[in-house]
Amino acid sequence: MPEHPPRFTGLELPDDVAASLQAVLPRMAARTVSAVTVEVPSYRDAFSGRMGQTIENAVQMALSAFLRLAVGAQGSDPAATLSPALDGAYELGRGEARQGRSADVLLSAYRVGARVAWRELSATVVGAGLAAGTVARFAELVFAFIDELSASSVAGHADELATTGRVRQRYLEQLARQLLAGESPETLRASADKAGWQPPATLTAVVMAETQTRGLAARFGPSTLQLSEDLPGVDPAAALAVLLVPDLDGQYRGQLCSALRGRRALVGPARPWTSTQSSYHRALRARALAVPDDVDVVDTDEHLLELVLTADREATDDLRRQVLAPLAGLRPSTADRLTETLRSWVVHQGQRTAVAADLFVHAQTVRYRMTQLRELYGDRLNDPRTILELIVALGPDSR
């Protein structure tokens, strides 16, 4: 609200004119509400019934306060009379914001009200035969008062929107943290209701540098959630953020990845919204994948094998040491060559020609090396379990 309201006192009106103005206030308030209802469609239903009477009373009280100001003694302080009217206008603005009506609609109502009020008031003062200068001064005071009221209402409207926006943002961030933490569906639904967030069918977690997120949340729609602080399992120094993107799964996943080009993003799988934690964890695990530097978007759906093989890095390392134990006593260079041959042999299912082509060696070299390996492993190379262990231990991420 304005801290320094203009002076409204000092208008010299005869007592009978002031009384006449006071007498027309009830009629003027009714006509004001009626005009606003007709000319501003957003208020057509809002001002019906008891609410219309309440607004009439508020208009009458505000204009009564104005009249007390206008006929006050020259040099008197109007604050005691003006402040309650401005406070009421401020709360009106906040209430209109809560009802979802815009500031433009509110100002339209004020413009209609000002026109009706002046028509009624001017008819009274002109009919009383007041001098033109006095009528002009009276008009100046009327519109200055309406300006003060409307400015106070706009301030209340803006403050309510800002407060509501901040509170809702806190609720949305709380919901995002609960989704990443894997809270129960009941807790998630309660938080979604509290935040006024309509759950989508699926959410996809996208992990990326916080500096790369600008504009993305708006691009993916109002149900997109974003969290940049206190990410579970992430060192704050990493400065990462997560976007939870709604309903871009299946045939639409390509659109999601295309929108992320150039931003170095890790994209988890689409999951039912109450199972978002699964998507987030997989996106985080993708940070450990060995991908070329020129790949900016890592779609985890395209790296499932690598993710499976590296799900438990320590277990994979232990398995590798275990299955390669027969080579432990060889010179490192020999062990490396035989390991490379063994990997190619299991990948190509023992096809000597394919192994030779893969290793760029002669088929006889492959035969010689496999003879060595069979001496070291014995019948284990015919055991399906051993073959499976070799495939896992010597997989694509083990080189």
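In this text the structure is predicted, and so the values were computed from the model without any measurement.

**Student:** How should I be thinking about the nonpolar core in this particular structure?
**Tutor:** Burial of nonpolar side chains together is a common tendency in soluble globular proteins. Grouped together as the largest cluster of nonpolar side chains are 44 residues, with contacts concentrated most on Leu21, Tyr43, Phe66, Phe138 and Leu149. Put simply, the parts of the chain that give this core at least two residues each are α1 (15–39), α2 (49–70), α3 (79–98), α4 (103–127) and α5 (132–181). Tallying contributions element by element places α4 first for this core, with eleven residues. Not counting chain neighbours up to four residues away, the residues in contact with Leu149 comprise Ala62, Ala85, Leu86, Ala89 and Tyr110. Formed by 29 residues, the second largest nonpolar core is a distinct cluster that contains Trp197, Val207, Leu227 and Leu284.

**Student:** Is there a simple way to think about the UniProt feature "domain: PucR C-terminal helix-turn-helix" (unreviewed entry) in the protein in this case?
**Tutor:** Mapped onto this numbering, the UniProt entry annotates "domain: PucR C-terminal helix-turn-helix" (unreviewed entry) at residues 338–394. Summarising residues 338–394: 75% helix, 0% strand, and an end-to-end C-alpha distance of 12 Å.

**Student:** Even after reading the chapter, I still don't get the packing of aromatic side chains, so can you show me in this structure?
**Tutor:** We describe a pair of aromatic rings using the distance from one ring centre to the other and the angle between the two ring planes. Within the structure shown, the criterion is met by five aromatic pairs. Aromatic side chains Trp197 and Trp273 sit 5.6 Å apart centroid to centroid with 65° between the ring planes, which places their arrangement in the edge-to-face category. Residue Trp197 is found in the loop between α6 (185–195) and β1 (202–209), and its partner Trp273 is found in the loop between β4 (265–272) and α9 (276–285); the two are separated by 76 residues along the sequence. By relative accessible area, Trp197 is classed as buried at 4%. Taking the relative accessible area as the measure of exposure, Trp273 reaches 11% and is therefore buried. Here the aromatic cluster, defined as three or more aromatic residues joined through ring pairs, consists of Phe66, Trp118, Phe138, Phe143 and Phe145.

**Student:** It is not clear to me how the pattern of salt bridges should be interpreted in this structure. Could you clarify?
**Tutor:** It is possible for side chains bearing opposite charge to pair when their charged atoms get close. Enumeration according to the criterion identifies twelve salt bridges in this entry. Glu160 is the partner of Arg94 in a salt bridge, and the nearest nitrogen-oxygen pair spans 2.7 Å. Taken together, the residues Arg94 in helix α3 and Glu160 in helix α5 connect sequence positions 66 residues apart. Residue classification places Glu160 among the buried positions, given a relative accessible area of 8%.

**Student:** Where do I start with the packing of α5 against α6 in this structure?
**Tutor:** For any two helices packed against each other, the geometry is given by the interaxial angle and the distance between the axes. At a minimum axis distance of 9 Å, the contact between α5 and α6 shows a crossing angle of 165°. When the interaxial angle is binned, α5 and α6 end up roughly antiparallel. The crossing of α5 and α6 is left-handed. Residue-level inspection shows Arg168, Tyr171, Leu172, Gln174, Leu175, Gln178 and Leu179 of α5 in contact with α6, the latter providing Thr187, Leu188, Ser191, Ala192, Lys194 and Ala195.

**Student:** Looking at this structure, I do not really get the packing of helix α12 (residues 332–347) against helix α14 (residues 363–377). What am I missing?
**Tutor:** Look at α12 against α14: their axes get within 10 Å of each other, and the N-to-C directions meet at 95°. Relative to α14, the element α12 lies roughly perpendicular. Together, Arg337, Leu338, Thr341, Leu342 and Trp345 of α12 and Arg369, Met370, Gln372, Leu373, Arg374, Leu376 and Tyr377 of α14 make up the contact between the two elements. Here the residues of the contact of α12 with α14 are counted per class, giving seven nonpolar, two polar and three charged.

**Student:** I would appreciate a short explanation of unusual backbone geometry in the present structure.
**Tutor:** Among all residues except glycine, the phi angle is most often negative; among peptide bonds, the trans geometry is most common. In the Ramachandran plot, Arg264 falls in the positive-phi region, its phi being about 55° despite a non-glycine side chain. Mapping Arg264 onto the fold places it in the loop between α8 (253–259) and β4. Of note in this structure, Gln349 is not a glycine but carries a positive phi near 55°. Following the sequence through the fold, Gln349 ends up in the loop between α12 and α13 (352–359).

Calculation notes
- Residues numbered from 1 in each chain as written.
- Predicted model: local features only at pLDDT ≥ 70, side-chain atom pairs only at ≥ 80, totals over all residues.
- Heavy atoms only, no water.
- Core = buried A, V, L, I, M, F, W, Y, C linked by side-chain atoms within 4.5 Å.
- Buried < 20%, exposed > 50% of the residue type's maximum accessible area, 1.4 Å probe, protein only.
- Helix = DSSP H or I, 4+ residues; strand = E, 2+ residues; numbered from the N terminus.
- Contact = heavy atoms within 4.5 Å.
- UniProt positions renumbered as here; feature names shortened; annotations may be inferred.
- Phe/Tyr/Trp six-rings, centres within 6.5 Å; stacked < 30°, edge-to-face > 60°.
- Salt bridge = Lys/Arg side-chain N within 4 Å of Asp/Glu carboxyl O.
- Axes fitted to C-alpha atoms, helices over the stretch in contact; angles between N-to-C directions.
- Parallel < 35°, antiparallel > 145°, perpendicular 65-115°, else oblique.
- Left-handed = near helix turned anticlockwise from the far one by under 90°.
- Nonpolar A, V, L, I, M, F, W, Y, C, P; charged D, E, K, R; others polar.

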